[in-house]
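Secondary and tertiary structure notes
Chain by chain, the residues:
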Amino acid sequence: MENSEKNLNFAAHSMLEELRGTSDVSLKTWMANQANDLFSRSLKIDPNNDSTLIGWGSTYFFGAGGAPMEGILKIREVAQRDPSNIFAQFMLGYGGMVSGQTDKAIERFLKVLELDPTNTEAVFLLAELYEREGKKKEAVEWYQKGLKEVKNSELIKALEEKINSLK
(Lines give C-alpha, C1' and ligand atoms only; values in the text may rest on other atoms or scores of the structure.)
Protein backbone atom coordinates (compact mmCIF):
# COMPACT_ATOMS: atom_id res chain seq x y z
CA MET A 1 0.00 0.00 0.00
CA GLU A 2 1.21 3.48 -0.83
CA ASN A 3 2.18 5.25 2.37
CA SER A 4 -0.09 8.26 1.77
CA GLU A 5 -2.33 9.78 4.40
CA LYS A 6 -5.39 9.14 2.23
CA ASN A 7 -4.63 5.42 1.73
CA LEU A 8 -3.61 4.84 5.35
CA ASN A 9 -6.79 6.51 6.64
CA PHE A 10 -9.02 4.67 4.20
CA ALA A 11 -7.59 1.30 5.23
CA ALA A 12 -7.62 2.15 8.95
CA HIS A 13 -11.21 3.47 8.96
CA SER A 14 -12.38 0.48 6.92
CA MET A 15 -10.79 -1.87 9.42
CA LEU A 16 -12.20 0.09 12.38
CA GLU A 17 -15.69 -0.15 10.90
CA GLU A 18 -15.33 -3.87 10.20
CA LEU A 19 -13.96 -4.79 13.61
CA ARG A 20 -16.98 -3.26 15.36
CA GLY A 21 -19.03 -6.14 13.96
CA THR A 22 -16.47 -8.84 14.73
CA SER A 23 -17.21 -11.15 17.65
CA ASP A 24 -14.04 -13.26 17.57
CA VAL A 25 -11.86 -11.69 20.29
CA SER A 26 -8.49 -12.66 18.83
CA LEU A 27 -9.48 -11.41 15.37
CA LYS A 28 -10.86 -8.19 16.87
CA THR A 29 -7.61 -7.60 18.79
CA TRP A 30 -5.52 -8.27 15.69
CA MET A 31 -7.67 -5.91 13.61
CA ALA A 32 -7.54 -3.24 16.32
CA ASN A 33 -3.75 -3.44 16.38
CA GLN A 34 -3.55 -3.26 12.58
CA ALA A 35 -5.88 -0.24 12.48
CA ASN A 36 -3.91 1.36 15.31
CA ASP A 37 -0.70 0.95 13.30
CA LEU A 38 -2.28 2.44 10.17
CA PHE A 39 -3.69 5.41 12.11
CA SER A 40 -0.30 5.92 13.83
CA ARG A 41 1.46 5.99 10.47
CA SER A 42 -1.07 8.48 9.15
CA LEU A 43 -0.64 10.70 12.24
CA LYS A 44 3.08 10.93 11.43
CA ILE A 45 2.07 12.54 8.14
CA ASP A 46 -0.58 14.84 9.66
CA PRO A 47 -0.69 14.87 13.46
CA ASN A 48 -3.61 17.34 13.46
CA ASN A 49 -6.17 15.27 11.53
CA ASP A 50 -9.10 14.97 13.95
CA SER A 51 -10.66 12.00 12.22
CA THR A 52 -7.37 10.12 12.38
CA LEU A 53 -6.89 11.02 16.07
CA ILE A 54 -10.39 9.77 16.89
CA GLY A 55 -9.91 6.57 14.91
CA TRP A 56 -6.54 5.94 16.52
CA GLY A 57 -7.94 6.48 20.01
CA SER A 58 -10.93 4.26 19.24
CA THR A 59 -8.76 1.26 18.46
CA TYR A 60 -8.10 0.89 22.18
CA PHE A 61 -11.81 0.15 22.81
CA PHE A 62 -11.37 -2.93 20.68
CA GLY A 63 -8.19 -4.32 22.19
CA ALA A 64 -5.24 -2.52 20.63
CA GLY A 65 -2.25 -2.83 22.90
CA GLY A 66 -0.81 0.23 24.56
CA ALA A 67 -2.09 3.00 26.81
CA PRO A 68 -5.87 3.15 26.28
CA MET A 69 -6.33 6.29 28.33
CA GLU A 70 -3.99 8.17 25.99
CA GLY A 71 -6.28 7.32 23.07
CA ILE A 72 -9.42 8.25 24.95
CA LEU A 73 -7.89 11.57 26.01
CA LYS A 74 -7.14 12.39 22.36
CA ILE A 75 -10.77 11.76 21.43
CA ARG A 76 -11.93 13.91 24.36
CA GLU A 77 -9.61 16.72 23.25
CA VAL A 78 -11.24 16.72 19.83
CA ALA A 79 -14.74 16.61 21.35
CA GLN A 80 -13.95 19.49 23.70
CA ARG A 81 -12.41 21.58 20.95
CA ASP A 82 -15.23 20.74 18.55
CA PRO A 83 -18.39 19.58 20.39
CA SER A 84 -20.16 19.20 17.03
CA ASN A 85 -17.75 16.49 15.88
CA ILE A 86 -20.17 13.60 15.48
CA PHE A 87 -17.42 10.98 15.09
CA ALA A 88 -15.80 12.05 18.37
CA GLN A 89 -19.11 12.07 20.23
CA PHE A 90 -20.09 8.69 18.76
CA MET A 91 -16.81 6.99 19.59
CA LEU A 92 -16.84 8.38 23.15
CA GLY A 93 -20.34 6.94 23.46
CA TYR A 94 -19.15 3.63 22.09
CA GLY A 95 -16.20 3.65 24.46
CA GLY A 96 -18.54 4.33 27.38
CA MET A 97 -20.74 1.45 26.28
CA VAL A 98 -17.78 -0.95 25.98
CA SER A 99 -16.39 0.09 29.37
CA GLY A 100 -19.75 -0.19 31.14
CA GLN A 101 -20.17 3.56 31.67
CA THR A 102 -23.76 3.48 30.51
CA ASP A 103 -24.73 6.97 31.68
CA LYS A 104 -21.82 8.53 29.80
CA ALA A 105 -22.55 6.45 26.72
CA ILE A 106 -26.20 7.51 26.74
CA GLU A 107 -25.19 11.15 27.11
CA ARG A 108 -22.85 10.91 24.12
CA PHE A 109 -25.33 9.09 21.88
CA LEU A 110 -28.00 11.67 22.72
CA LYS A 111 -25.49 14.36 21.68
CA VAL A 112 -24.89 12.48 18.40
CA LEU A 113 -28.63 12.45 17.72
CA GLU A 114 -28.92 16.12 18.61
CA LEU A 115 -26.30 16.77 15.91
CA ASP A 116 -27.56 14.13 13.46
CA PRO A 117 -31.12 12.92 14.11
CA THR A 118 -30.81 10.40 11.25
CA ASN A 119 -28.00 8.40 12.87
CA THR A 120 -29.79 5.06 13.19
CA GLU A 121 -26.79 3.33 14.72
CA ALA A 122 -26.89 5.76 17.66
CA VAL A 123 -30.66 5.20 17.93
CA PHE A 124 -30.27 1.42 18.21
CA LEU A 125 -27.31 1.67 20.58
CA LEU A 126 -29.39 3.93 22.84
CA ALA A 127 -32.21 1.40 22.75
CA GLU A 128 -29.78 -1.35 23.69
CA LEU A 129 -28.28 0.69 26.53
CA TYR A 130 -31.69 1.52 27.97
CA GLU A 131 -32.66 -2.14 27.69
CA ARG A 132 -29.48 -3.17 29.57
CA GLU A 133 -30.38 -0.69 32.28
CA GLY A 134 -33.84 -2.20 32.62
CA LYS A 135 -35.47 1.00 31.39
CA LYS A 136 -37.98 -0.76 29.18
CA LYS A 137 -40.10 2.29 28.35
CA GLU A 138 -37.10 4.23 27.01
CA ALA A 139 -35.77 1.16 25.20
CA VAL A 140 -39.12 0.68 23.45
CA GLU A 141 -39.20 4.36 22.43
CA TRP A 142 -35.77 4.15 20.82
CA TYR A 143 -36.41 0.79 19.16
CA GLN A 144 -39.62 2.24 17.70
CA LYS A 145 -37.75 5.29 16.39
CA GLY A 146 -35.18 3.03 14.77
CA LEU A 147 -37.84 0.71 13.37
CA LYS A 148 -39.15 3.55 11.21
CA GLU A 149 -35.85 3.56 9.30
CA VAL A 150 -35.52 -0.18 8.73
CA LYS A 151 -36.35 -1.60 5.30
CA ASN A 152 -35.39 -5.27 5.79
CA SER A 153 -38.54 -7.32 6.51
CA GLU A 154 -36.72 -9.90 8.66
CA LEU A 155 -35.15 -7.17 10.77
CA ILE A 156 -38.50 -5.40 11.08
CA LYS A 157 -40.06 -8.61 12.39
CA ALA A 158 -37.21 -9.16 14.88
CA LEU A 159 -37.49 -5.57 16.11
CA GLU A 160 -41.26 -5.84 16.50
CA GLU A 161 -40.76 -9.00 18.56
CA LYS A 162 -38.12 -7.23 20.66
CA ILE A 163 -40.45 -4.27 21.25
CA ASN A 164 -43.34 -6.56 22.22
CA SER A 165 -41.15 -8.49 24.64
CA LEU A 166 -40.22 -5.24 26.40
CA LYS A 167 -43.79 -4.00 26.78
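This text goes with the structure placed above it.
For the structure given in this document, a descriptive report is provided here. Worth saying up front: this structure is predicted, and the values here are computed from it rather than measured.

1. With respect to the overall build of the protein
The helix and strand tally for the protein stands at nine helices and zero strands. In sequence order, the protein lays out its α and β elements as α-α-α-α-α-α-α-α-α. Its C-alpha radius of gyration of 17 Å places the protein within 12% of the 15 Å reference for a compact globule of 167 residues. Considered along the principal axes of its C-alpha atoms, the protein spans approximately 50 × 30 × 25 Å. For the protein, with 167 residues in total, the buried portion stands at 43%. A separation threshold of at least 6 residues defines the contact pool for the protein, and within that pool the share at least 24 residues apart is 46%. Accessible surface, the protein as shown: approximately 9200 Å² in total, 50% of it carbon and sulfur.

2. Considering the layout of surface pockets
There is about 270 Å³ of room inside the largest pocket. Looking at the largest pocket, it is lined by 13 residues, and the ones nearest its centre are Ile72, Arg76, Leu92, Gly96 and Gln101. Contributing elements (two or more residues each) for the lining of the largest pocket: helix H4 (68-81), helix H5 (86-98) and helix H6 (102-115). Sort the elements by how many residues they give to the lining of the largest pocket and H5 lands first, with four residues.

Calculation notes
Residues numbered from 1 in each chain as written. Predicted model: local features only at pLDDT ≥ 70, side-chain atom pairs only at ≥ 80, totals over all residues. Heavy atoms only, no water. Helix = DSSP H or I, 4+ residues; strand = E, 2+ residues; numbered from the N terminus. Rg over C-alpha atoms; globule rule 2.2 N^0.38 Å. Buried < 20%, exposed > 50% of the residue type's maximum accessible area, 1.4 Å probe, protein only. Contact = heavy atoms within 4.5 Å. Areas by Shrake-Rupley, 256 points an atom, 1.4 Å probe, with all protein chains shown as cover. 1 Å grid on protein atoms, 1.4 Å probe; cavity = no way out; pocket = protein on both sides within 12 Å on 5 of 7 lines; lining within 4 Å. Points joined across faces, edges and corners; volume = space filled by probe spheres on them.

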